[in-house]
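Topology and contacts: notes
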Amino acid sequence: MGRAKETRMLSLWLILSGMALQGFSGVPALAFSRRSMAGQTTTFVLLAVGSLLSLVGVVLNALGIGGAEELTVPWFLPWGQFSVGLDALGNVFLALIFVVPALGACYGLGYWRQADHGDNGRRLGLAFGVLTAAMALVVLARDGVLFLLAWEGMALAAFFAITTEDDNDEVRKAGWVYLVATHVGTLCLLALFGFWARETGSFSLLTPGSLTREAADALFVLAMVGFGFKAGLMPLHFWLPGAHAHAPSHVSAVLSGVMLKVGVYGILRITSLLPVGEWWGITVLILGIATGILGIAFALGQQDLKRLLAYSSIENIGIMVAGLGLALWGRYQARDDWVLLGLGGSLLHVWNHGLFKPLLFFNAGAVIHAAGTRSLDRMGGLGRSMPFTMALFMVGAVAICGLPPLNGFVGEWYLYLGFFHTLQGTGALMAAAAGASGLALIGALALACFVKAGSGIFQGTSREGEIPGHDPGGSLLVPMVILAALCVVLGVGAPLVVPALDAAVAAWDPGANSSLAALASTPWISTAAFAVFLGVGGGALGVKFLPRAKAKPVVTWDCGYARPTGRMQYTASSLTDGVVRLFGFILWSREGGKLRRGVFARKWSFRKGVPDVVLDRWLLPFAKLVGRMVPRIRVFQQGQTHVYLLYILMITLFLFAVAGFWRHP
Amino acid sequence: MIDVIVHCTLLLVFPPLVLGVISKTKAWFAGRRGAPFLQLYFDLFKLMRKGLVQSTTTTWVFRAGPVVTLTVVVLAGLLVPFGASAAPVSFPGDMILFAYLFALARFFTTSAALDTGSSFEGMGSAREITFAVLTEPAIFFAFLVLAKLSGTLSLTTMLHGTTGSFLTTATPTMVLLSLGLFIVLLAECSRIPVDDPTTHLELTMVHEAMVLDHGGPWMAVIEYASSLKLLVLGAVLMNVAFPFSTGIGWADWLIFVAGILGLSVLLGVLESVMARLRMNRVPYLLVTALLLCGSSFLLLLR
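Each value, and the rule that gives it
Residues numbered from 1 in each chain as written. Chains lettered and ligands numbered in written order. Predicted model: local features only at pLDDT ≥ 70, side-chain atom pairs only at ≥ 80, totals over all residues. Heavy atoms only, no water. Helix = DSSP H or I, 4+ residues; strand = E, 2+ residues; numbered from the N terminus. Rg over C-alpha atoms; globule rule 2.2 N^0.38 Å. Buried < 20%, exposed > 50% of the residue type's maximum accessible area, 1.4 Å probe, protein only. Contact = heavy atoms within 4.5 Å. Areas by Shrake-Rupley, 256 points an atom, 1.4 Å probe, with all protein chains shown as cover. Domains from an automatic or database assignment. Buried area = accessible area lost by both parts, 1.4 Å probe. Salt bridge = Lys/Arg side-chain N within 4 Å of Asp/Glu carboxyl O. Polar contact = N/O pair within 3.5 Å; in protein donor to acceptor, adjacent residues only side chain to side chain. Nonpolar A, V, L, I, M, F, W, Y, C, P; charged D, E, K, R; others polar. Core = buried A, V, L, I, M, F, W, Y, C linked by side-chain atoms within 4.5 Å. Patch = residues over 30% accessible without salt bridge, like charges linked within 9 Å, V, L, I, M, F, W, Y side chains within 5 Å. Pairing = 2+ DSSP bridges. Axes fitted to C-alpha atoms, helices over the stretch in contact; angles between N-to-C directions. Parallel < 35°, antiparallel > 145°, perpendicular 65-115°, else oblique.

Thoughts on the overall build of chain A
A tally of helices and strands in chain A yields 26 helices and five strands. Its C-alpha atoms give chain A a radius of gyration of 26 Å, within 12% of the compact-globule value 26 Å for 665 residues. Considering only C-alpha atoms, chain A reaches an extent of 90 × 70 × 60 Å along its principal axes. Looking at the 665 residues of chain A, the share that counts as buried comes to 57%. Contacts in chain A between residues at least 24 apart in sequence constitute 79% of all its contacts with a sequence separation of at least 6. With the model as given, the accessible surface of chain A reaches about 26,900 Å², and the carbon-plus-sulfur share is 67%.

Overview of the domain arrangement of chain A
Residues and elements named next belong to chain A. Here chain A is described as being made up of domain 1 (276-537 + 570-611) and domain 2 (613-663). Here the C-alpha centre of domain 2 lies 45 Å away from the C-alpha centre of domain 1. Tallying the contact residues gives seven residues for domain 1 and four residues for domain 2. Together, the buried faces of domain 1 and domain 2 total about 500 Å²; carbon and sulfur atoms form 55% of this surface. Our count for the domain 1 to domain 2 interface comes out at zero salt bridges. Counting across the domain 1 and domain 2 interface gives two residue pairs in polar contact (both at pLDDT 80 or more). A breakdown of the residues in the side of domain 1 that touches domain 2 according to their chemical character gives five nonpolar, one polar and one charged.

Some points on unusual backbone geometry
Of note, the amide linkage connecting Met-234 of chain A to Pro-235 of chain A takes the cis form, showing an omega dihedral of 0°. For Pro-235 of chain A, the position within the fold is in the loop between α8 (213-231) and α9 (240-246). Cis geometry is found at the peptide bond from Pro-404 of chain A to Pro-405 of chain A, where omega equals 10°. Its location among the elements puts Pro-405 of chain A in the loop between α15 (387-400) and α16 (407-421). Unlike most non-glycine residues, Trp-588 of chain A shows phi in positive territory, near 50°. As for its position among the elements, Trp-588 of chain A is in the loop between α24 (584-587) and β4 (590-592). Its identity is not glycine, yet Ser-190 of chain B carries a phi of approximately 45°, on the positive side. Looking at where Ser-190 of chain B falls in the secondary structure, it is placed in the loop between α9 (171-188) and α10 (207-210). What makes Ser-190 of chain B buried here is its relative accessible area of 10%.

Considerations on the nonpolar core
Ranked by internal contacts, the top residues of the largest apolar core, which has 314 residues, are Phe-420 of chain A together with Phe-98 of chain B. Sort the elements by how many residues they give to this core and helix α13 (residues 336-371) of chain A lands first, with 21 residues. Two domains each provide a minimum of three residues to this core, namely domain 1 (276-537 + 570-611) and domain 2 (613-663) of chain A. Contact partners of Phe-98 of chain B, with chain neighbours within four places excluded, come to Ala-76, Leu-79, Val-80, Phe-143, Leu-155, Val-232, Leu-233 and Val-236 of chain B. Of all hydrophobic cores here, the second largest spans six residues; its members include Val-543 and Leu-546 of chain A together with Leu-52 and Phe-62 of chain B.

Side note on a nonpolar patch on the surface
A cluster of nonpolar side chains, namely Phe-622, Leu-625, Val-626, Met-629, Val-630, Ile-633, Val-635 and Phe-636 of chain A, defines an oily patch on the protein surface of about 760 Å² accessible area. For Leu-625 of chain A, the location among the structural elements is in helix α25 (residues 613-629).

Thoughts on the interface of chain B and chain A
At the junction of the two partners, chain B supplies 68 residues and chain A supplies 75 residues. Summing both sides of the interface, chain B and chain A together bury roughly 5,900 Å²; the carbon and sulfur share of this comes to 77%. Between chain B and chain A we count zero salt bridges in total. There are 15 residue pairs in polar contact (both at pLDDT 80 or more) connecting chain B and chain A. Secondary-structure elements contributing two or more residues to the side of chain B that touches chain A are β1 (52-55), α4 (60-77), α5 (94-114), α6 (119-150) and α11 (217-241) of chain B. In terms of residue count, the dominant contributor to the side of chain B that touches chain A is α6 of chain B (19 residues). Taken together, the residues that form the side of chain B that touches chain A break down as 41 nonpolar, 19 polar and eight charged. Pairing analysis gives four bridges linking strand β3 (residues 551-554) of chain A to β1 of chain B, with the strands arranged parallel.

Comments concerning the packing of helix α3 (residues 88-97) of chain A against α13 of chain A
All names here are of chain A. Relative orientation of the contacting elements α3 and α13 amounts to 5°, with a least axis distance of 10 Å. Classified by the interaxial angle, the pair formed by α3 and α13 is roughly parallel. Residue-level inspection shows Leu-89, Val-92, Phe-93, Ala-95 and Leu-96 of α3 in contact with α13, the latter providing Leu-347, Val-350, Trp-351 and Gly-354. Within the contact of α3 with α13, the residues separate by chemical class into eight nonpolar, one polar and no charged.

Below is the structure:
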């Protein structure tokens, strides 16, 4: 018994020491010169070794069948304590945290060379390592105060990573919006943990003994809002597109692939401790589906490749949250199958999105580097000069659309199954209708979105002049190949991870008394994935044996027109214009420019774009309005000390009066 | 075992005849003698022996389009029960795989089309992905209805389990559902009034516009795959709208074949008596399908 406990502590120590290395990884580089590649390599090696150590710890803990492991150390602060722990739910997220940033750092070796970015390379390395360690600490924390500290560390490190190019005005603006959004979220979390301590008597994140219904509801709402900012739930998503678009691509990959998931983790951790209310499930489900549909609809309207990917992250968060809604409802109704399929699918989607979205962001980085623009409407034809990049993009795109035979399908399949299972419940037809048809709509929109992205970047010919693209070097390709391979492995080998998902669901809801293996015949999905690979491979081979297999190269058939040019192609925007019009009632796209009609129109211009409804249509105008109103209060600012003392006296009297009235009305 | 063999044989051999029946019906309506029933088989053989012509702008994605489509349609065909016999492959949740396999085909067909860099293919792809946004939720509403009525979660049992309810409890539901699925079938198989598989006006087409640049063996694969798709989706529709079985094996197979041929005559008649809709009207038709399938689900809420 004692020995088993010792090995278990081993994994926690492995993880903590790995985290120390990660957090420290950027420090030695400070001793090197600004443009030293040796410094950057040191940073990468430290981060990679730290991540590997921690990953070994996570795997050991998972193989020990998800036994809980805790470590509590008293500390100097008057509140809370340094209390960390491991369980199967945390492991799901830790596994992601210890894979993606390390790959991102490897990518950075080629993409953000310190030799070329002397001004900010070392700062980025420092922020990157701290971000990784802080995210892990958030997941490990079992104490509200420690959680908040780690959370703030993560938020600030992310801010410095996003504003790497802070000499650029746009980047500073995006960073500013992010900083405001994340701190409004943190404010809700402060309230959450303060209230938590008041209601339960301590900051420890343990299942409280008793909690009134109202208190549980209030904690739940605070958690949804506070963590919703970080996860990017609509309408709290507004910081996300700008931040992702303006950060370096490997930072966007970590933000989207991992940091958003930490927000999801927060929601999961808090809901696992609270007694579920009746209305939680359906609310979260509707919120998730709405976030998914709106997210992908906005993604469709984007011309900026990285903004498109960012909005698609919002969609994927929506899918995860919808699964959580189903699980919450299942827990309330004591339906284990809903809990398992909903949360199992949701957690698998956490992994899936954590693999294919970094892949796509890495890919976008290589593409943007080659094309010199982020606009999909100006690229095209890169598939011939960057064949590997295109192949990797196609893997990511098929996976993110949730199509078989890759990993995206498996997670969505669990969710669909869960929604179909609600048909047999009482009074839950609503969940089935909203969930299944919503997911179907999201799937169709995602397909349109990524066909658009793929065709805009890689297919056809360049819209504006020839782009001299080339496949990136090894340090960029290797992380992408690893992620793509993992997408394939999780698609074909999904049954392998089912035990880990089961354990994580059991950690979230100890009452769940079933298993995914019993509820869903995952091996069939593997078989189908295998069959698709086999069929396509066989077909590709069969083509070689055609009687006249050698293709004759010709120009594209344009109804006999012999000199087609790149500018005559459908652009990425025109491809999805039909869908954008269908969703015009929420997208509110902006059109502008001078259109001259007539036979001999000479000069004309046309602009169309989909700005963010929340940020660009509401928050920024509102902020401007506030900015205009505020100077009127300046009359109170007299600059004379005795007037200020008078203000203080008046306010104190006022407060006393209010307090007195409160006591003796 | 025999059922599986018959199923696979029908799946792989029968479909071109279905298209032959449609064109024969249309010819008969127009007062022509028309091409022989087996014309598509001849066409396929002819195309397979032709050389390949391929645009210089294309990559492997262009070639992946037809190959993926054919693979996917065959796999989907193994999940659908043909008439009263069970599908060769059946497991809980296979209807989701069924729908997503077709989505995979759509992904590669549209990507392959856009690989040519032609605006005609761009138009076709744009329409295809736009229409899918409306048909996908309709299909899932249909699955929800069938799953609720049958209390099961695999295509075979869902389609077979609703046989009784057509005539008894849920007649209105099933009528609405059949109509909705029929419109989905018209859209997915690119038939009039959504699309015209025979026209040569690139500007007005959906599916044919996407495959303009595929010739020779590629065209053969595409034509063959789309005939398979018609049979597979037709089999789903037949199970919902025409759920009769005798309980005798061979008789059920005959009923299925007759049903599919009847469906193709119906399609031929429909294509003869009405014109293709204007492109901007097509979404209304598809919304109708969504409404029909959604309403059939609403009827279950009683």
